[in-house]
Amino acid sequence: MTTQTAPPEAPTKPERRKLDENALRNLGLVGVLILLIIVGIITKPDLYSDPTWVKNNFLTILQQASAIGVVTVGMTFVIIGGGIDLSVGAIVAIAGVWSTTLATQSYGAGGMIFTAIIVGTVVGLINGVLIAYGKLVSFIATLAMMVAARGLAAQISGKQTQISTNSTINDIASTRPLGIPLLVWILAVVVIAGWVLLNRTTFGRRTVAVGGNPEAARLAGINVKRHTMLLFALSGLCCGIAAIMLTSQATSAQAAMANLYELDAIAAAIIGGTLLSGGRGTIVGALFGVLVFSTITNLFAINNLPTEVQNMVKGGIIVAAVLIQQFRFQSLTQLFKR
Amino acid sequence: MTIPTPRDGHAPADPPPTTASSATAESAPPAETMTRSDTTENGGLALKTGGDVPAPPAGDDGGDGPGDVVLRLTDVVKTFPGVRALDGVQLEVRAGEVHCLLGQNGAGKSTLIKTLAGVHHADGGEITWLGQPFAPATPQAAMRAGIATIYQELDLVDDLSVAENAFLGHEDTRFGFTRRRSTAQKTREILSRLGHPEIPPRTAVRDLPAAGKQIVSMARALSHDAKLIVMDEPSAVLAHDEVENLFRIIQGLTSQGIAVIYISHRLEEIREIGDRVTVLKDGRTTAANLPARTTPTRDLVSRMTGRTIEYVFPPRRPAEKREPLLVVEGLSRKGEFADASLTVAPGEIVGIAGLVGSGRSELLETIFGARRADSGTVTLDGQRITGVGRAVRKGMGMAPEERKSQALLLDEPIYKNMTLASFSGFAKVGFTDAGGERKAAEKTADLLELRPRDVTRPVRTLSGGNQQKVVVGRWLLDDTKLLLLDEPTRGVDVGARAELYQVIQDLAERGVGVLLVSSEVPEVLGLADRVLVMREGRIIREAPAPEIDEDTVLDLVMSGSLTTESILEGEPA
Amino acid sequence: MSALSRRRILFGGAAVGAGALLTACTSNEPDNSAQVNTNTDASANPNAAAGEKVVIGFTAPAADHGWIAAITNNAKAQAAAYPDVEFKPVEAGADAAAQRAAISTLVAQKPTVIVMLPHDGKELDSAGLEAMKAGIPVINLDRAFPSQAAFRLQIKGDNYGMGLAAGHYIGEQMKAKNIASPIIGEIPGIDSLELTQERSAGFKTALAEYGFKVANRRPAEFTADSGQAAATALLQALPKMDALWNHDDDQGIGVLAAIKQTNRSEFFMVGGAGSKAAIDAIKADNSVLKATVTYSPSMASSAISLARLIGQGKGMSDLVELQVPKEITLASETITKDNADAYAKLGF
């Protein structure tokens, strides 16, 4: 019957709830970080009693998270935009190798940095064109690129480890402006830039729209294809930056470098609350995700525990994070269903 | 299952629905609300209200059907967020009969059959199956109980064989191994029962034509020993001669005592195959157990469309002649629509009436540039429109048919959804201006009387009507000259409909051209200045709204295949 | 346009650069760095006198690591040093199956001897048997066949021995420095590989003789960046350390970088495999790297030399036997500053 009663309204305060959800998850990740550190303190009180060591330890954790952190920022954009980039490790490798050939090294540090960034961006752009205009599924296109880029990297390097003789590049890893490693500064800049880009610019808005509902974005006049392409180029750019960081850390580059970075980056983005189906995710959460992994590695190292167990714990954390995410999501939707 | 429903209080003695409420009710057109007339001139049963046993109430073996009552629904209610999909459905099905369900799009037919199939669960009312209360928890449970459903989109696994599909989910196994030979044998038997022993059980379903796939679906139903088979528009995918064959199969089934619920838009099919008809409208039974062969078409149609309070249209403005804003000429897309030409003037509302599959949504999307036309042109203000981006820039906006999947970012706040087409305009050098967007969105929200007004809430939490307002509001923010509306009131509860109608009317007052598509004929007639009728991809009639009435439109829209058929039958004779 | 031309320059440069990367641990130019037996003076060594023509078929996996690249280069260079040897290399492809096919082709060409570094000894056992049955002696490099009949000569390195050598070197140094309970770190390569496990077992056994044990062990993946990450973690876990064994000189590039980045120098480090860069660093004595234990790709050069002798039916002149023995396991040698000069030519 046709009554004029107002439509059944859903429960109130959902926006606050959503904000809380992000904050809550990040808080949860901070909790995990603190927990890991407490475990460290309990298991290695002798180390943690030395303030210099403690400070150094935190900087080490941050530094070891820096290259993969930069890659994860790019990955987070791609995933929010509804794609996936399996080629990030390979792009780091091709950018690293290309920027450390003798020919490139002869252009000096500037030439090397330029090369790494251009190579990374161009390879990302190729991914983007294949996916946006070639209509390949991003999983397939970047899987192919993963194989191909490592192949090309091996071809260029002649399967050798290419040593960087450029002291400017090599010094990036050991320079510490204001007592904090330059690599950590780079990570901070990339994270802040990524946050602003996602939350304060039209690019970020388009990313959420394209990932959240591509059809709606298209029908609102957004150029979904071009944006998809740009997202993959952005991921490639991040890989180029990471390639320089990693090259400087290892003072060399080779085709097998940045092995399995794609999996670490995807895992970090996901435990940071990025929805694999797109449309939702946070840069801060992704950063925390990377830090959790880096802290686990540190915890296992200081306790001399085997890396097999470490990998098992990492896997467990990924599953736990996604389960928690699902439960919270379910309870939300149930509220609305009633 | 006897969950008390809000409707339980409604006894036959209840006041008529028109008194239900308020100002809108009073401004409603004087009741053509036929829904409660007690009998029809054909002796079919009138609507039974809550709690009543469908007449004739003389027990389960009451005389006018071929067999015992197997299924009975009393006052079944099913609500979704914002929508009351079923709002008191009565239905009685007897063994061995073909019971037809008739109703417009959105009348609740799909929800009803999904409730029977265990996909949805009723919120209230009572379902009895073979004399027992019936509430299938899962589709499997419904299957086991003997109710099989054949959906329009056949749910077959293309790469499995006919036999594997027929026995999918209850494979004949021994020690965990499927028994291929005996499965094939059983399938062959079932196919013979269906009159199609020629279908090889081991062929992959992929290789069968649509009609063959349908038979496999039926074989699956019989493999479960179904006593009731629900068919959702089975003829929609079939060619003419295949429909004849389908009817033969259905007759074979009913002669074995199996009951069939048959859903179709095509009245002439109902006449040919049906025994009794139940008509649904807006989730309610408006007439039950009408004789399928003898009830006049006009009667059936009026029961499907009976005007109620929901169609409250603002008074029509006097039409003024202006130069067309949108000109579409000879637009065609293969397999969807052909040679469509139309115009929309500023401030004019043009409505397109047509069934799902008539090509109306495709036409709208092509005009918007979201689909590429094979031939023909679209011009807005004299400028060619070739793609969505250009359409939006030139001042076209569209509220697509599937709000959730095509228009909204459900998890994002209202204001970001409203500015989805215009946030770049608010931005300065690429940086978004959330504050400005919020303010603009609030203004639009006020204009549209959006509830709640808090534009930072996620769209997911809004009712259907308010979600639709957000989609429409998106284009208000963007200085749109022409608005394309595809089923603007689908899934919108009745209260909000009137408001949406007002919004659309107001837009036209402001000089916006509106091109509207709707399955609900009264909506098109009530809103539009000019009406186009589409059938099978062609615009077959154009008329100013006052010069055409609902029944005419429905005749044009629905009896299309009747006409075709009579032509075909006429030829050899 | 300028970007395009620049890219072309870079690409072209890359291709050239890859071939002549002198600074890397290895170069592809066989003439200046390959490990070649130059003892080809016939007056001093009767075996060196040119004999009947020997055709040597050769197959090894595509190089994914400096060591394997060195194997191929060494074999090629050694063969070139003999006028009576014809070298017939065959691409081994990406996996064991491809290599098996390659060997079948090779057998059909009837070379005098076949020298092969199999992808996997077990999987290519049948290929070895096939060649031997066809009357072609097979020399297996590094990765043993299970069947004794599948090879004429087995020449390999000694993973367990590497661990022993590294352990003994560290033990002796600690004794000399009078450190009773030293803190010892270990950075192995990919931990799931048998060769890594053998190396670690040898290391543990040798240290145990001195009553020492490994304080922390962080595996890397034979790559420089993974070496850097593992070393960083290890250094953080052990704020004070006395000695470190890194299994692989390739990943050692990263290990040394990490040590430099953390400004640590209170310990010394032992490498593994014996790359040219590592030997140079030991000789220069300007880093914590004081020694490396060999697992030398020079075995490929020796294999070619012995293949020639087998083909000509000669024995090793210093031995009483008239034929080349069936198994040779290279000793893992310890390269320090004192003997680095002697080993410089063997660095890869």
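Because the structure is predicted, anything quoted here is derived from the model rather than measured. (Residues numbered from 1 in each chain as written. Chains lettered and ligands numbered in written order. Predicted model: local features only at pLDDT ≥ 70, side-chain atom pairs only at ≥ 80, totals over all residues.)

Before going further, it helps to spend a moment on the overall build of chain A. Helix and strand counts for chain A come out as 15 helices and two strands. For 338 residues, the compact-globule estimate of 2.2 N^0.38 gives 20 Å, and chain A sits close to it at 21 Å. The C-alpha extent of chain A, read off along each of the three principal axes, is 80 × 55 × 35 Å. Going through the 338 residues of chain A one by one, you find that 58% of them count as buried. A separation threshold of at least 6 residues defines the contact pool for chain A, and within that pool the share at least 24 residues apart is 79%. (Helix = DSSP H or I, 4+ residues; strand = E, 2+ residues; numbered from the N terminus. Rg over C-alpha atoms; globule rule 2.2 N^0.38 Å. Buried ≥ 20, exposed ≤ 12 C-beta atoms within 10 Å, placed from the backbone. Contact = placed C-beta atoms within 7 Å.)

The subject of this paragraph is the overall build of chain B. When helices and strands are tallied, chain B shows 20 helices and 23 strands. Here chain B holds 573 residues, and 53% of them are scored as buried. Long-range pairs, those at least 24 residues apart, make up 70% of the contacts in chain B with a sequence separation of at least 6.

Here we come to the sheet that holds strand β8 (residues 243–246) of chain C. Residues and elements named next belong to chain C. What the six strands build is an open sheet, ordered β7-β6-β8-β9-β10-β12; its pairing is mixed. Edge positions in the sheet fall to β7 (214–217) and β12 (334–336), since each of these pairs with one other strand and no more. The sheet shows a mean angle of 20 degrees between the axes of neighbouring strands, taken without regard to direction. Both strand β9 (residues 268–273) and strand β10 (residues 289–294) contribute to a ladder of five bridges, which runs parallel. Pairing of Met-269 across the sheet is with Leu-289, part of β10. Taken strand by strand, helix α6 (residues 159–177) contacts β6 (184–187), β8, β9, β10 and β12, and its axis lies near 160 degrees from that of β9. (Pairing = 2+ DSSP bridges. Axes fitted to C-alpha atoms, helices over the stretch in contact; angles between N-to-C directions.)

Formed by 361 residues in total, the largest nonpolar core has its most connected members in Val71(A), Val92(A), Ile94(A), Ile229(B), Val115(C) and Ile139(C). Not counting residues within four places of it along the chain, the set of residues in contact with Val71(A) comprises Val88(A), Val92(A), Cys238(A), Cys239(A), Ala242(A), Tyr261(A) and Ala265(A). (Core = buried A, V, L, I, M, F, W, Y, C linked by C-beta atoms within 7 Å.)

Attention shifts here to the UniProt feature "transmembrane region" (unreviewed entry) in chain A. All names here are of chain A. As recorded in UniProt, the feature "transmembrane region" (unreviewed entry) lies at residues 23–42, 62–81, 88–107, 113–132, 139–158, 178–198, 228–246 and 283–305. Segment residues 139–158 splits into 95% helix and 0% strand. End C-alpha atoms: 28 Å apart. Across residues 283–305 one finds 87% helix and 0% strand; the C-alpha atoms that close the span lie 31 Å apart. (UniProt positions renumbered as here; feature names shortened; annotations may be inferred.)

It is worth spelling out the sheet that holds strand β5 (residues 153–156) of chain C at this point. Residue and element names in this part refer to chain C. Here six strands make up an open sheet; going across it, the order is β2-β1-β3-β4-β5-β11 and the pairing parallel. Of all the strands in the sheet, just β2 (85–91) and β11 (327–329) have a single pairing partner and so form its edges. Between one strand axis and the next, the sheet turns by 15 degrees as a mean value, whatever way the strands run. Pairing of strand β1 (residues 54–60) with β2, which is carried by seven bridges, proceeds in the parallel orientation. Within the sheet, the bridge partner assigned to Ala-60 lies in β2 and is Glu-91. Seen against the sheet, helix α3 (residues 66–81) touches β1, β2, β3 (113–116) and β4 (138–141) and runs at an angle of roughly 170 degrees to β1. In this fold helix α4 (residues 96–108) packs onto β1, β2 and β3, with an angle of close to 170 degrees to the strand it touches most, β1.

Okay, the packing of helix α10 (residues 202–212) of chain A against helix α12 (residues 224–250) of chain A next. Residue and element names in this part refer to chain A. At their nearest, the axes of α10 and α12 sit 10 Å apart, and the two run at 110 degrees to each other. Accordingly, the angle class assigned to the pair α10 and α12 is roughly perpendicular. Listed contacts from α12 to Arg-206, Thr-207 and Val-210 of α10 are Val-224, His-227, Thr-228 and Leu-231. Class assignment of the residues belonging to the contact of α10 with α12 gives a composition of three nonpolar, three polar and one charged. (Parallel < 35°, antiparallel > 145°, perpendicular 65-115°, else oblique. Nonpolar A, V, L, I, M, F, W, Y, C, P; charged D, E, K, R; others polar.)

How big an interface is tends to be expressed through the accessible area that disappears when the partners come together. Taken together, the contact pairs 42 residues of chain C with 38 residues of chain A. Considering every element that reaches the side of chain C that touches chain A, the biggest residue donor is helix α8 (residues 224–237) of chain C, with 10 residues. In terms of residue class, the side of chain C that touches chain A is built from 19 nonpolar, 15 polar and eight charged.

It is worth spelling out α12(A) at this point. In a regular helix each residue adds 1.5 Å, so 27 residues correspond to 39 Å; α12(A) covers 39 Å between its end C-alpha atoms and thus fits that length. At the exit of α12(A) stands Thr251(A), carrying a positive phi of roughly 45 degrees. (Expected span 1.5 Å × (residues − 1).)

This paragraph deals with the pairing of strand β21 (residues 513–518) of chain B. Residues and elements named next belong to chain B. With respect to burial, β21 is a largely interior element, six of its six residues being buried. With burial as the criterion, each face of β21 is covered, one bearing Gly-513, Leu-515 and Val-517 and the other bearing Val-514, Leu-516 and Ser-518. Alignment of strand β16 (residues 349–353) against β21, held across five bridges, turns out to be parallel. Residue pairing across strands places Gly-351 opposite Leu-516, the latter belonging to β21. The pairing of strand β20 (residues 482–486) with β21 spans five bridges and is classified as parallel. The residue bridging Asp-486 from the neighbouring strand is Val-517, located in β21.

Moving on: the environment of Arg333(B). Residues and elements named next belong to chain B. Looking at the secondary structure, you find Arg-333 in strand β14 (residues 326–333). The sequence separation of Arg-333 and Glu-362 amounts to 29 residues, and the corresponding C-alpha distance is 8.5 Å. Discounting residues that sit within four places of it in the chain, Arg-333 has contacts with Glu-362, Thr-366, Arg-371, Ala-373 and Asp-374.

A word on the pairing of strand β23 (residues 538–544) of chain B. Residues and elements named next belong to chain B. Where strand β22 (residues 530–535) meets β23, six bridges bridge the pair, whose relative direction is antiparallel. By the bridge assignment, Met-534 is partnered in β23 with Ile-539. Between β22 and β23, which follow one another and run antiparallel, lie two residues, and Glu-536 among them has a positive phi close to 45 degrees.

Here helix α13 (residues 261–271) of chain A lies mainly inside the structure; 10 of its 11 residues are buried. After α13(A) finishes, the residue Gly273(A) shows a positive phi value of roughly 100 degrees.

Residue and element names in this part refer to chain A. Inspection of the secondary structure assignment puts Ile-68 in helix α3 (residues 51–80). Owing to 25 C-beta atoms within 10 Å, Ile-68 belongs among the buried residues under this scheme. In the structure, Ile-68 is positioned 192 residues away from Leu-260 in sequence and 10 Å away in space, judged by C-alpha atoms.

The next subject is unusual backbone geometry. A positive phi angle is found at Thr251(A), which is not glycine, with a value near 45 degrees. With respect to the helices, strands and loops of the structure, Thr251(A) is situated in the loop between α12 and β2 (252–253). Exposure remark for Thr251(A): the 28 C-beta atoms within 10 Å place this residue in the buried category. One non-glycine residue, Val429(B), lies in the positive phi region at around 35 degrees. Inspection of the secondary structure assignment puts Val429(B) in the loop between α14 (423–426) and α15 (434–447).

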